[in-house]
Each structure stands twice: as C-alpha cells, then as structure tokens.
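Secondary and tertiary structure notes
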Amino acid sequence: MADIVVFYIFAGISLAAAAGVVFHPNPVVSVLHLVAAMVGVSGLFFTLGAPFIGMVQILVYAGAVIILFLFVVMIFDLKTDGKNPFTYGLVTHYAKLLFIGCLTGLLLSKLLFKLDGFEFQSPDPLAPQYEVRNLAKVMFTDYMFMFEVLGLLLLVIPIGAVALSRVRGGTHAE
Amino acid sequence: MQSSLSIEITHYLFVSGAMFVLGLAGVLLRKNIIVILMSVELMLNAVNLAFVTFGYYLQDVNGAIITLFVIAIAAAEAAVGLALVVMIYKNYKETNIRFFEHLKG
C-alpha cells in the first residue's frame, strides 16, 4: 500500500512540474518547475530499485544542468510583460496541436491495449540487479568502449562551449 | 486481468509517455529558445524513466547503464545548447525563435 502512495506522489510531482515547465510564461519559474520534475523522476527511480541512478539524476540535473539554465535565464534578464509565450500561426498552430494529439493517442493505444500481450515477470525485490557493484561490472566490461568515448565527448564539449560563447575582445583585443 | 491496486509497468510507462508528450508540446509550442531546451531535457527524462522501468521489469541491468549514458550526454547537450543560446542572444538581443528563423550570419 505504501508503495502505491509513494508512486502516486512522485508521479504527480513529476507530471505537474512538467506541465509547469511547458505552460508557465516566465522562464525563471519554468526552470524552478524543471527542478521539481527532475526530483520527482528521481523519486520514481528510487521506487524502481535504482537509488544510484536517482542520486546521479539529482546530482547531474538539479546540481549542474539546472544551475546552468538558471544562470543563463538570469543573465538574459528576460521580460515577460504580458506577451504571448506560445507560437501562433493560422495553419501551423493546428498542425502542431494535431501532431501532439497523434503522439498522445499512439502512446495511449500502445499502453492501454497492446501491452497485455507481453510477459513481464513481477520483479523480485531481493534481486540486486541495480546494485552499484553490478552496474560497475557491466559498465567497465561490456560498455568499456562506450565509456571511453563518453570521456572523449566530455572533453570536447567544454572546449566547444567555450569556443562558441567566448567574448571577442577583452585583454586580447586587437 | 491484474488488480488495479498494485503498481504495474503500465503505470510507470504512462508517466513516461505523458512526460514525453509534455516535452514535445513545449518544443513545438513555446517561443523562448531556453524553454525549448528545457523541454528537450524533459523528453530525455521521460526516456530515462522508460529505460529504467523496462530494465527493472525485465531484470536487466542494461537499462540503468544506458540511462547513465543518456544523463551524461544530456548534460553535454545542455552545455553546448546554452552556449549557442548565449551566442544567439549576443547577436540578436532576443530569445524568441521567430527573430532568428532564417539563420543568417
């Protein structure tokens, strides 16, 4: 019974905060809603028996990515004085809404009607498949090459970000 | 027919799908490019939730590994995307996507 309550709390937090990100006109409030959505998804990871993934989610997203977003929004000092935050267009607006509705219907039909054919065994709560030890064993054997490539990516990405956003002029102005 | 009083895989997948649709709506409907990047993060989170859910219910550790990779790549993508946004804002003094849709200089 308790797991049902916990699931609905975290699912409600996630979905309400996600709706807040999309529909609130002020970008600063959107960023703060995004923090709540990340924390809700992290709680869902905890209920799925993956506490390490949940902690990484909180550390990387709420700790690093969201702070980056928040700083960018704040240094831009965006004004939202009553302007419409949504795009509009005579035809394209309805086309976008149509695409969103199509995707919603597709997912709902898959979830409600088609998934009964699959056999998912109810997971054994004692099975330690998401223990950090098991994660590390698989990650540093089967996924070793992917891990190295990810390290290379994380080396290249900051260089690219600095090269893109550097200030021309400064102490080296010509 | 399973009883509705326990949490099944479809519950998690419903949350994941609803969050993905919300992110898609944000990408398509919002004007502010920073909010569009945030909606992309929402969609990545929905996919992560689906990965971990399937990994849990299939007793497979690969779902969590892929989720770790997706989180790292999402952080990198946010860094580059925000650098691009800063550059665009310096050129156009605007974050509304209507003002730089032609991508000239």
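Just so it is clear, the structure is predicted and the values come from calculations on it, not from any experiment. (Residues numbered from 1 in each chain as written. Chains lettered and ligands numbered in written order. Predicted model: local features only at pLDDT ≥ 70, side-chain atom pairs only at ≥ 80, totals over all residues.)

Residue and element names in this part refer to chain B. End to end, helix α3 (residues 62-92) covers 44 Å across 31 residues, agreeing with the expected 45 Å (1.5 Å per residue, within 8%). Taken residue by residue, α3 has G63, A64, I65, T67, L68, A74, A78, A79, G81, L82, A83 and V85 as its buried positions. Among the residues trailing α3, K93 stands out with phi positive, at a value near 55°. (Helix = DSSP H or I, 4+ residues; strand = E, 2+ residues; numbered from the N terminus. Expected span 1.5 Å × (residues − 1). Buried ≥ 20, exposed ≤ 12 C-beta atoms within 10 Å, placed from the backbone.)

What follows concerns the packing of helix α6 (residues 144-165) of chain A against α3 of chain B. Where α6 of chain A contacts α3 of chain B, the axes come no closer than 9 Å and their chain directions differ by 10°. One way to sum up the angle between α6 of chain A and α3 of chain B is to call them roughly parallel. For the crossing formed where α6 of chain A meets α3 of chain B, the hand is left-handed. Of the residues in α3 of chain B, those in contact with M146, L150, L153, L154, I157, P158, G160, A161, L164 and S165 of chain A of α6 of chain A are F69, A72, A76, A79, V80, A83, L84, V86 and M87 of chain B. A class-by-class count of the residues in the contact of α6 of chain A with α3 of chain B yields 17 nonpolar, 2 polar and no charged. (Axes fitted to C-alpha atoms, helices over the stretch in contact; angles between N-to-C directions. Parallel < 35°, antiparallel > 145°, perpendicular 65-115°, else oblique. Left-handed = near helix turned anticlockwise from the far one by under 90°. Contact = placed C-beta atoms within 7 Å. Nonpolar A, V, L, I, M, F, W, Y, C, P; charged D, E, K, R; others polar.)

For chain A, mean pLDDT is 83; residues scoring 70 or higher make up 84% of the total. Helix α2 (residues 27-47) of chain A holds the highest mean pLDDT among the elements of chain A, 92, whereas helix α4 (residues 92-114) of chain A holds the lowest, 79. (pLDDT = per-residue confidence, 0-100.)

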